[in-house]
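# Observations on the model geometry
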Amino acid sequence: MRAFRRVSQGLACGLDDWERELLARLALEVRAILQSDEPTDEDAGESAVLPSTRNDPGRPGESERDREVLAALDFDLDQSSNHVHTGRPASDPVVGVLLPEASEDPVTAMEVSSLTRARLRSGKVDRLARMAAELRAPSGPEATVLVPIGQEAEWLGAINDIRLVLAQRLGIESAQDAGRVHDVASQEASESETAHEQWYRGTALVYDMVTWWQESLVSALFGGTGP
């Protein structure tokens, strides 16, 4: 993963094939979570089709550790159809993180929600889909991922939604929690590692990766040289 840099069309960064696929899968998973909060079932048949990483021979530049991380992550896939399920229960706490209530007062929150929740959800769903499309078919110079001029805020928002979901799954609620997760991401797998520990370590590593990527975009946007 290379840092974002300024180009004539906007901001661009070079990613390995497996990195682009991982980030696209994450974007579509968060999109599916948001769609699960739809009050109707209009989108029930619109789940995103994702290439499987299970039993995958690998991609250029992908190491054994990279494949291990991908395999450890839970993308909630139906392995027979390879679709992301959009039928997560509305009580999923991640939905509350992505679409927070506008007020602590339940009556006010309901009134505001009826006016703004659908629009907020739609905007998030659309920008995640656009980011995934660019990741899978890069349009920047030399096949780099491009953030066009004027779309920086949309990309930062989409990346932040991915980070919010990962943080919720990892139990990050403070700076101390984030530091602990960073330490876990830096650890090597132990011989006695359980399936859950493997998932947690892999997800922690991806959280670090996405955080660095977001910081790189912010730095390039404001004229820096890297996060």
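Before any of the text, the structure's been laid out above.
Summary of the structure given here. What you see is a predicted model; the values in this text were computed from it and never measured. (Residues numbered from 1 in each chain as written. Predicted model: local features only at pLDDT ≥ 70, side-chain atom pairs only at ≥ 80, totals over all residues. Heavy atoms only, no water.)

## Some details on the pattern of salt bridges
The following threshold applies: Salt bridge, as used here: a side-chain nitrogen of Lys or Arg that lies within 4 Å of a carboxyl oxygen of Asp or Glu. Each helix corresponds to a stretch of at least 4 residues labelled H or I by DSSP, and each strand to a stretch of at least 2 residues labelled E; elements are numbered beginning at the N terminus. Burial classes follow relative accessibility: with a 1.4 Å probe on protein chains only, a residue under 20% of its type's maximum area counts as buried, one over 50% as exposed, and anything between as partly exposed.
All told, the structure shown has 8 salt bridges when counted by the stated rule. Between Asp161 and Lys124 there is a salt bridge; the shortest N-O distance is 2.8 Å. Here Lys124 lies in helix α4 (residues 106–136) and Asp161 lies in helix α5 (residues 152–170), a separation of 37 residues in the sequence. On the accessibility criterion, Lys124 (8% relative accessible area) is buried. The residue Asp161 makes a salt bridge to Arg127 at a minimum N-O spacing of 3.0 Å. One end of the pair, Asp161, is in helix α5; the other, Arg127, is in helix α4, and 34 residues separate them in sequence.

## Here's the deal with unusual backbone geometry
Even without being glycine, Glu142 reaches a positive phi, approximately 55°. Within the secondary structure, Glu142 is located in the loop between α4 and β5 (145–148). According to the relative accessible area criterion, Glu142 is exposed, its value standing at 75%. With a phi angle near 60°, Ala143 is a residue other than glycine that sits in the positive phi range. Summarising the element assignment, Ala143 is placed in the loop between α4 and β5.

## Regarding helix α7 (residues 195–221)
Test applied: Multiply 1.5 Å by the residue count of a helix minus one, and that product is the helix's expected span.
Across its 27 residues, α7 extends 39 Å between first and last C-alpha, which sits within 8% of the 39 Å expected from 1.5 Å per residue. A positive phi of about 85° marks Gly223, the residue just after α7.

## Quick word on the environment of Glu134
As a reminder, the rule being used: Polar contact is the term for a pair of N or O atoms within 3.5 Å; when the atoms are in protein, one must be able to donate a hydrogen and the other to accept it, and sequence-neighboring residues count only if both atoms are side-chain atoms.
Along the polypeptide, Glu134 turns up in helix α4. On the basis of relative accessibility, which here comes to 12%, the residue Glu134 falls in the buried class. In this structure, the C-alpha to C-alpha distance between Glu134 and Arg20, residues 114 residues apart in sequence, is 9.1 Å. One polar contact links the side chain of Glu134 to the main-chain amide nitrogen of Ser139, over a distance of 2.8 Å.

## A few points about the packing of helix α6 (residues 175–185) against α7
The test is simple: The axes used here are C-alpha line fits, helices contributing only the stretch in contact, and every angle between their N-to-C directions lies in the interval 0 to 180 degrees. Comment on the angle field: the value is read as roughly parallel under 35 degrees, roughly antiparallel over 145, roughly perpendicular from 65 to 115, and oblique elsewhere. Crossing handedness is read from the near helix: turned anticlockwise from the far helix by less than a right angle, it gives a left-handed crossing, and turned clockwise, a right-handed one. Contacts are residue-level and defined by heavy atoms, with any inter-residue pair within 4.5 Å sufficient. Throughout this entry, Asp, Glu, Lys and Arg are counted as charged residues, while Ala, Val, Leu, Ile, Met, Phe, Trp, Tyr, Cys and Pro are counted as nonpolar. The remaining residues, Gly among them, count as polar.
Between α6 and α7, whose axes approach to 8 Å, the crossing angle comes to 110°. Taken as axis vectors, α6 and α7 run roughly perpendicular relative to one another. Viewed along their axes, α6 and α7 form a crossing whose handedness is left-handed. Seen from α6, the contacting residues are Arg180, Val181, His182, Val184 and Ala185; seen from α7, they are Tyr200, Arg201, Ala204, Leu205, Tyr207 and Asp208. Taken together, the residues that form the contact of α6 with α7 break down as 7 nonpolar, 1 polar and 3 charged.

Shape descriptors only; they carry no functional weight alone.
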